[in-house]
Amino acid sequence: MQSSIVKKVLMALSGIFLMFFLLQHLAINLTSLIPDDGKTFNAISHFMGYNPIVQFILQPILIFGVCFHFIMGLILEYQNRKARNKKYIYHNTNSSWISKNMIITGLVILAFLALHFYDFWIPEMEYKYINYEDSDPTKYFHELKEKFNGETYRTAIYCVSFILLGMHLNHGLSSSFQSVGVTPSRDRLLRKVANIYSFGISLGFIAIAVFHYFIH
Amino acid sequence: MDLLLKIWRQKNSTEKGGVQNYRIKNIEPDMSFLEMLDVLNQQLINEGDDPIAFDHDCREGICGSCSLVINGAPHGPDKGTTTCQLHMRKFKSGDTIYIEPFRSSSFPVIKDLVVDRSAFDRIQQAGGYVSINTSGNTVDANATPIPKPDADEAFKSAACIGCGACVAACKNSSAMLFVGAKVSQYAHLPQGKVERKERVINMVEQMDKEGFGSCTNTGACEAHCPKDISLDNIMRLNQEYLKSKIL
Ligand code: HEM
Ligand code: SF4
Ligand code: FES
């Protein structure tokens, strides 16, 4: 944990873990686009919501992973800022905006996560563990429609966040492979995978939000 | 050429510095950037002013002494070129040129444009060498055959002159390109294999101790390195470090 390289390796591993999670999340949400009145989506969501392995093992690991990643991100950002004691008056180095501003895209994702928890996770926890309501296996699809249909502000905030998420992932994916010493970050195949993955995640989630915004 | 120079002046390491303007006339386009500064300094000396301190030695791009951040770019606008090899023909008459020291908490300013880069020496001393038995049984380096591709890769990394432009360019002031180059250079050669583990662990430990930042893979170091040291060296550094820690 002391060494800068170990910190970056852990940053990369937690990021890679979160990228797998996002893929799984997108795959499940895409089923809400199937024209079967949400049957498939409800079935999978219900399974995920009530399966003890998912709820009591995978979910805590996920929450730990997110917290670990953003806390480590803040630590690295602090140390890296401290390493440059004085700013240049004229600075013009050759590197991309995205790569230099992972903290900004990251903090936007964090703010988005707060909103996302407020929208979906807190109501679910209340429903399941505080009010002990009987499980309604069709509520998931309704809730999705309720939150997005005609809800301009929420849909817009989600879409903007997904764009910034895509930017974070575009640099993050190739960077993480370099951090763990597997492939140079500019490797052509790796860059291709990073482009496909980041555009796919970003556009996929945007498509779902926009679909439910317009279609009741 | 007539130029307006905006140069960082700072009396010593403790005093707060600032930018001062200097107008300079009749500069030849074929002069090097440092010769242009020599002309300015002569002018300052003639006027009884304190000349501007800047580092230089070989003036042919091999020693790694010269530095300067010129218009925001370490070693100036030319790719793969040290400041001493930069020519004034890269600028136009009437240009304004900002000249600042390399910035890093680990490279404190000594005076004006001169910074203390001894942190690099200490990293080098922590493992950037191969121990050779000099008791009379020394094996000639050329007696050990090395595959050409390995020798080429080692040579590419060995081209690093330790100037510190990578640190100056990086938003994190990371020294990973420098350390990566030094570690890779030996990792490719059989002579480097013996001390392989201690080398990378000790050099990284010293690098962290000196306060350099970590690598966010922005690629600014590679873009401004006068010797075109590739970012791949950082990947290899990470790899060597993990191998040494885990295996
Ligand atoms: C699902 C969400 C997220 C995913 C999938 C993700 C993924 C990644 C990946 C793969 C990296 C590259 C690691 C490397 O360079 O080795 C990274 C870097 C980074 N992430 Fe995230 N991230 C997410 C959320 C966040 C959040 C919420 C923050 C909040 C601060 C954040 C802050 C950072 C920072 C600052 C870096 C750069 C660290 C550095 O290179 O110095 N990320 N992320
Ligand atoms: S890697 Fe390049 S920029 Fe960094 S010290 Fe070596 S030669 Fe200079
Ligand atoms: S003075 Fe030696 S490299 Fe520039």
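Heads up: the structure comes first, above all this text.
To keep things clear, this report deals only with the structure shown in the data block. Note that this is a predicted model, so its numbers are computed, not measured.

It is worth spelling out the nonpolar core at this point. Counting 41 residues, the largest nonpolar core has Phe120, Ile123, Val179, Met207, Phe212 and Leu237 of chain B as the members making the most contacts within it. Counting residues per element, the ones that place at least two in this core are α1 (4-30) of chain A together with α2 (118-125), α4 (165-169), α5 (176-187), α7 (196-209) and α9 (232-246) of chain B. Top contributing element to this core by residue count: α5 of chain B, with six residues. The residues that make up this core include at least three from each of domain 1 (3-111) and domain 2 (118-246) of chain B. Not counting residues up to four positions away in its chain, the partners in contact with Ile123 of chain B are Gly128, Phe178, Val179, Met203, Gln206, Met207, Glu210 and Phe212 of chain B.

Turning our attention to the side chain of Lys139 of chain A. All names here are of chain A. Here Lys139 lies in helix α6 (residues 139-148). For the buried Lys139, which has no salt bridge, the nearest side chain bearing the opposite charge is Glu143, at an N-O separation of 4.3 Å. Not counting the four nearest positions on each side in its chain, Lys139 is found in contact with Asn42, Glu124 and Tyr127.

Residues and elements named next belong to chain B. Contact geometry for α2 and α5: axes closest at 11 Å, N-to-C directions at 30°. Considered as vectors, α2 and α5 are oriented roughly parallel to each other. Seen from above, α2 lies across α5 with right-handed handedness. Along the contact surface, α2 presents Phe120, Ile123 and Gln124, while α5 presents Phe178, Val179 and Lys182. Residues of the contact of α2 with α5, tallied by class, amount to four nonpolar, one polar and one charged.

This brings us to the site of ligand 2. All names here are of chain B. Around ligand 2 sit 13 residues in total, of which Cys160, Cys163, Gly164, Cys166 and Cys225 are the nearest. Elements supplying a minimum of two residues to the shell around ligand 2: α4 and α5. Its residues assigned to classes, the shell around ligand 2 comprises 11 nonpolar, two polar and no charged.

Residues and elements named next belong to chain A. The protein atoms donating to the iron atom of ligand 1 are His69 (NE2) and His168 (NE2), with metal-donor distances spanning 2.0 Å. Each of the six donor atoms around the iron atom of ligand 1 contributes to a set of angles spanning 87 to 180°, which defines the coordination as octahedral. With His69 in helix α3 (residues 52-83) and His168 in helix α7 (residues 152-179), this residue pair connects regions lying 99 residues apart in the sequence. Accessibility expressed as a relative area gives 16% for His69, which makes it buried. Owing to a relative accessible area of 14%, His168 belongs among the buried residues under this scheme.

Residues and elements named next belong to chain B. A positive phi is found at Arg59, a non-glycine position, where the angle reads about 55°. Here Arg59 shows up in the loop between α1 (33-46) and β3 (69-70). Backbone geometry at His75 places phi at a positive 65°, although glycine is not the residue there. Relative to the helices and strands, His75 is located in the loop between β4 (73-74) and β5 (96-100).

If you check the shell around ligand 1, you find 23 residues, and the closest are Lys8, His69, His168, Ser175 and Ser179 of chain A. Chains contributing residues near ligand 1 are chains A and B. His168 of chain A places a polar side-chain atom, nitrogen or oxygen, 2.8 Å from a nitrogen atom of ligand 1. A distance of 3.1 Å is found between an oxygen atom of ligand 1 and a side-chain nitrogen or oxygen belonging to Thr216 of chain B. The greatest single-element share of the shell around ligand 1, amounting to seven residues, is contributed by α1 of chain A.

Residue and element names in this part refer to chain B. One open sheet holds the five strands; their spatial order is β2-β1-β5-β3-β4, and the pairing between them is mixed. Looking along the sheet, the strands with just one partner apiece sit at the ends: β2 (18-24) and β4. Alignment of β3 against β5, held across two bridges, turns out to be antiparallel. Along β5, the bridge assignment pairs Ile70 with Ile99. Its contacts with the sheet place α1 against β1 (3-9), β2, β3 and β5, and it is angled at close to 90° to β2.

Conventions used here
- All residue numbers here refer to positions counted from 1 along the written sequence of the relevant chain.
- Chain letters and ligand numbers both follow the written order, the letters beginning at A and the numbers at 1.
- With the structure being a predicted model, the display of local features is reserved for residues of pLDDT at least 70 and the display and counting of side-chain atom pairs for 80 or more, all residues being used for whole-chain, interface and lining totals.
- Derived side-chain values reflect all non-hydrogen atoms in the structure, with water molecules and hydrogen atoms excluded from consideration.
- We call a set of buried Ala, Val, Leu, Ile, Met, Phe, Trp, Tyr and Cys residues a nonpolar core when their side-chain atoms join them within 4.5 Å.
- The rule is simple: take the accessible area with a 1.4 Å probe, protein chains only, and divide by the maximum for that residue type; under 20% is buried, over 50% is exposed, in between is partly exposed.
- Secondary structure elements are defined from DSSP: runs of H or I of at least 4 residues count as helices, runs of E of at least 2 residues count as strands, and each element is numbered from the N terminus.
- Segment limits for the domains were obtained from an automatic or database-derived domain assignment.
- Contact between two residues is taken to exist if any of their heavy atoms lie within 4.5 Å; hydrogens are not considered.
- Charge assignment in this entry is limited to Lys and Arg as positive and Asp and Glu as negative, and neither His nor the chain termini are counted.
- Each salt bridge in this description consists of a side-chain nitrogen of Lys or Arg and a carboxyl oxygen of Asp or Glu lying within 4 Å of one another.
- Interaxial angles span 0 to 180 degrees and are taken between N-to-C directions of axes, which are lines fitted to C-alpha atoms, for helices over the stretch in contact.
- Any angle that is under 35 degrees is reported as roughly parallel, and any over 145 degrees as roughly antiparallel; angles of 65 to 115 degrees are reported as roughly perpendicular and all others as oblique.
- By convention, the crossing between two helices is left-handed when the near helix turns anticlockwise from the far helix through less than a right angle, and right-handed when the turn is clockwise.
- Ten residue types, Ala, Val, Leu, Ile, Met, Phe, Trp, Tyr, Cys and Pro, are classed as nonpolar, four, Asp, Glu, Lys and Arg, as charged, and the remainder, Gly among them, as polar.
- Residues are labelled near a given molecule or strand when at least one of their non-hydrogen atoms is within 4 Å of it.
- Distances up to 2.8 Å from the metal define which N, O and S atoms are donors, and 3.2 Å serves for Na, K and Ca; water is absent from the atom set, so sites may look incomplete.
- Between 85 and 135 degrees for all angles marks four donors as tetrahedral; over 155 degrees for opposite donors together with 65 to 115 for all other angles marks four donors as square planar and six as octahedral; every other arrangement is irregular.
- The definition of a polar contact used here is a pair of N or O atoms within 3.5 Å, where within protein one atom must be able to donate a hydrogen and the other to accept one, and adjacent residues in sequence count solely through side-chain atom pairs.
- The pairing criterion for strands is at least two bridges between them, as found by DSSP.

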